[in-house]
Amino acid sequence: MPGEPGREAYLAQGNAQQARKRTAADALIRDQAGRLLLVNPTYKSKWDLPGGMAEENEAPDDALRRELWEELDLTVAGLRFLCVDWVGRHGPWDDLFGFVFDAGVLSPKQVTGLKPSDEEISEHRFFEIPEALELLPGRQRARAVNALEILGDGVPRYLRNGVAL
């Protein structure tokens, strides 16, 4: 019961023993021609959707806003949730939740103002969607394909390893 002596310590112990989940948040960002923005990370061999990993106790949408600001000097007003993908353990990594949000269509002024502002990003570019999808690694490609479908039908999805359930 709330207010019982020792209750907070009991809850804190339970919290400390529960699993921690990594969380990533990425954005679909388009230009006026409908092309998709990708970034080229310096620490990966393939292009990526803009975004990144959440910090401890950071909400996925806040993490995305922070990453866009840190990596591209971009501030976005609104984000619309599209999908979340549970990705099982892979390689040395434990499982994670990968969120994708729609960050909208940038104005020509916003497009010209984009610049990599973090050493993690070597370049950014807008690609026609089929080319963009080919450049993404498999897991992120699956997420992006679902997110693009959601832009059309408006129905958010839960994915498991990139497959809608």
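Thresholds, definitions, all that
Residues numbered from 1 in each chain as written. Predicted model: local features only at pLDDT ≥ 70, side-chain atom pairs only at ≥ 80, totals over all residues. Heavy atoms only, no water. Helix = DSSP H or I, 4+ residues; strand = E, 2+ residues; numbered from the N terminus. Buried < 20%, exposed > 50% of the residue type's maximum accessible area, 1.4 Å probe, protein only. Contact = heavy atoms within 4.5 Å. Lys, Arg positive; Asp, Glu negative; His and termini not counted. Charge placed at Lys NZ, Arg CZ, Asp CG, Glu CD. Expected span 1.5 Å × (residues − 1).

Participant: Would you mind going over the overall build of the protein chain in detail, with residue names and values included?
Facilitator: When helices and strands are counted, the protein chain shows five helices and eight strands. Listing each helix as α and each strand as β along the protein chain from the N terminus yields α-β-β-β-α-β-β-α-β-α-α-β-β. Looking at the protein chain as a whole, 42% of its 165 residues qualify as buried. Here the analysis covers contacts within the protein chain between residues at least 6 apart in sequence; of these, 64% occur between residues at least 24 apart. Looking at the protein chain, you have 20 positive and 27 negative side-chain charges, and the mean spots of the two groups are 4 Å apart.

Participant: Give me helix H2 (residues 60-72): which residues, what numbers.
Facilitator: If you check H2, its first and last C-alpha atoms are 18 Å apart, about what 13 residues at 1.5 Å a residue would give, namely 18 Å. Burial in H2 covers these residues: Pro60, Ala63, Leu64, Arg66, Glu67, Leu68, Glu71 and Leu72. Looking one or two places after H2, you find aspartate 73, whose phi comes out positive at around 55°.

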